[in-house]
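Listed below are the residues making up each chain.
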Amino acid sequence: MAQSTEDDRLLIEAARADPARFVDVYERYVDRIYAFVSRRTGNRAAAEDITSQVFERALAAVGQFEWRGVPVSAWLFRIAAHALADYWRERARDAHEAPADVPDSRELEAIDQRIALYRSVERLPDLQRRVIEMRFVEEKSIREVAAVLDRSEGAVKQLQLRALQNLRKSMGGHG
Amino acid sequence: MAERDLADRLDEIVDAVIARGDATAALRDPELAPMARLAAALRDYPSPEFKATLRLQFQRRTTMTAVTMTAVREGFTTVTPYIRVREAGLADFLVRVFDAQETFSGRGGDGGMHREVRVGDSMIMIGEGGAGRTGIMPIRPVACHVFVKDVDATFARALAAGAASLGEPEDRHYGERAGFVADPFGNRWYIATPTRPDSLASALRTVTPVLHSRDASAYLTFLERALGAVVELRTDVDGPLRYARLRIGDAAIEVSEGDPMPGSFMLYVNDPDERYGHALAAGASSVMALADQPYGRVGGVQDVAGNQWFFSRPAPARS
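Parameters and conventions
- Residues numbered from 1 in each chain as written.
- Chains lettered and ligands numbered in written order.
- Predicted model: local features only at pLDDT ≥ 70, side-chain atom pairs only at ≥ 80, totals over all residues.
- Core = buried A, V, L, I, M, F, W, Y, C linked by C-beta atoms within 7 Å.
- Buried ≥ 20, exposed ≤ 12 C-beta atoms within 10 Å, placed from the backbone.
- Helix = DSSP H or I, 4+ residues; strand = E, 2+ residues; numbered from the N terminus.
- Contact = placed C-beta atoms within 7 Å.
- Axes fitted to C-alpha atoms, helices over the stretch in contact; angles between N-to-C directions.
- Parallel < 35°, antiparallel > 145°, perpendicular 65-115°, else oblique.
- Left-handed = near helix turned anticlockwise from the far one by under 90°.
- Pairing = 2+ DSSP bridges.
- Arc of directions from axis to C-beta.

## Side note on the nonpolar core
Okay, step 1: Residues L76 and A80 of chain A together with L94, V146, I191 and L267 of chain B are the most contacted members of the largest nonpolar core, which totals 106 residues.
Okay, step 2: By residue number, the principal contributor to this core is helix 2 (residues 22-41) of chain A, which donates 11 residues.
Okay, step 3: Those residues in contact with V146 of chain B that sit more than four places away from it in its chain are F98, V119, W189, Y190, I191, T206 and V207 of chain B.
Okay, step 4: L124 of chain A together with A39, A41 and L42 of chain B belong to the second largest nonpolar core, which has 30 residues in total.

See below:
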């Protein structure tokens, strides 16, 4: 998933010259940042809140970002680590200073695998993807999914099975 | 095993994963274990709706910023505090403490002096003297957040220039080393040096007005409607609002819970008539009817917290 540093440089220079191009930074990195904070919080609402804070802080800081060859992802991970530290501090008033640590190589590998899984979901046939989204994101029951898709519950379970079998195939044993 | 059974058993595992994040029951089953692991990972699958909404927000905000910036007076940003003091001395204090540069000085409309100073990348307007007249803008202290290179040295200069300490410089958890003073006129200066690359400094200019409010959450809604401010950061995910940062064009204001210290602010906008109308509709009252002045079209309102906003479209620069 690593992006070339030249791509990074062009991306940042474009966003500095024209704030409207910040959306390209967001597009490229939202999944990585989301995967990172989601692994650290294990909570969907918090992951969404912190992810949006990270990109807000990045947008505000992009004008002062000095290109020194450091990947944009490393910069965003640092902002995310601080946002996570703030999050944990707010939840534990008496806690000591929460560590603001960026992901190490092992965690980066896990994040890359998570992103590969997200991409595999996006490539699933339409109905299978819809079932995965409704089950795991919207947390709908099989009955509710069946009602939305106008299928039998048995058919939805089959779609869910096919989707997970396909994901297993495309992930080649990772996941 | 029949495929129907497999689909049923997998569904039980998915239910357990969704409800409890627990896929352990399946891990001993060689046929289902790999899919159970995938199901556990899918709990983190980002909501496509969330991503699309956030993308749209950034798209709108960055486009809006570009549009709003067009009407700003040269050398200024969208928001400029206008501080009135009873007698001369504030501009000199800012020069001495913050290394401010005076860019303009002339007779003001209230009989006193109108002065403009630059502090870093920000401007401050000052009305000095003219105490005998009422004027539209009351004489009252305001609060500003100021970023400096060395908070300890600036803090010491402030005390030497007659300020009173409201809090010694200390490392704060929000990524700043900060100390607080009240100048001889009662204005509060929250002086800070960033200690982290993503501190608030990265989102703020050198000087940012801080508005204190007793019901900050309701006040934010007003600022959004009246000023077209965009809330960028708020700290009330699961509690009362303690702090918020709002963007207005190319500048920001900060709102924090506390005893109100209302001030007066110049706001450069593309369409003062439209903004004035929005502010009145949102509950503000007029303090200065819209009119064409030599320096541009301007109208002023006072909001529910007592802050005054003067919407202005600067006159075209004469060359």
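## Thoughts on the packing of helix 2 of chain A against helix 3 (residues 44-61) of chain A
Two numbers describe a pair of packed helices, the interaxial angle and the distance between the axes.
Residues and elements named next belong to chain A.
Okay, step 1: Put simply, helix 2 and helix 3 touch, their axes get as near as 9 Å, and they point 140° apart. For the element pair helix 2 / helix 3, the angle class is oblique. For helix 2 against helix 3, the interelement crossing comes out right-handed. Across from F22, V25, Y26, V30, I33, Y34, V37, S38 and T41 in helix 2, the residues of helix 3 making contact are A46, A47, I50, T51, V54, F55, A58 and L59.

## Quick word on the sheet that holds strand 3 (residues 113-119) of chain B
Consider a sheet: its strands pair through backbone hydrogen bonds, and that pairing is either parallel or antiparallel.
Residues and elements named next belong to chain B.
Okay, step 1: Here we have 8 strands laid out as an open sheet, ordered 2-3-4-1-13-16-15-14, and mixed in their pairing. Edge positions in the sheet fall to strand 2 (101-107) and strand 14 (285-293), since each has one partner strand and no second. If you compare each strand with its neighbour and ignore which way they point, the axes differ by 20° on average.
Okay, step 2: Where strand 13 (residues 264-268) and strand 16 (residues 308-314) come together, 5 bridges link them in parallel fashion. Within the sheet, the bridge partner assigned to S264 lies in strand 16 and is Q308.

## With respect to helix 7 (residues 272-281) of chain B
Residues and elements named next belong to chain B.
Okay, step 1: Those residues of helix 7 that sit buried are P272, R275, Y276 and A279. One face of helix 7 carries all of its buried residues, which in axial projection span an arc of 100°. Across helix 7 from its buried face, at more than 90 degrees, point the exposed residues E274 and A281.
Okay, step 2: Structurally, helix 7 contributes buried residues whose contacts are with helix 6 (216-227), strand 14, strand 15 (296-302) and strand 16.

## Section: the sheet that holds strand 7 (residues 176-182) of chain B
All names here are of chain B.
Okay, step 1: If you trace the 8 strands from one edge of the open sheet to the other, you get 6-7-8-5-9-12-11-10, paired in mixed fashion. Here the strands that pair on one side only, and so sit at the sheet edges, are strand 6 (164-172) and strand 10 (230-234). Adjacent strand axes in the sheet meet at a mean angle of 25°, parallel and antiparallel pairs treated alike.
Okay, step 2: In terms of strand pairing, strand 10 meets strand 11 (residues 243-248) through 4 bridges, oriented antiparallel. When the bridges of strand 11 are listed, V230 appears paired with R247.
Okay, step 3: Along the sheet, helix 6 contacts strand 9 (207-213), strand 10, strand 11 and strand 12 (251-257); its crossing angle with strand 12, the most-contacted strand, is approximately 155°.

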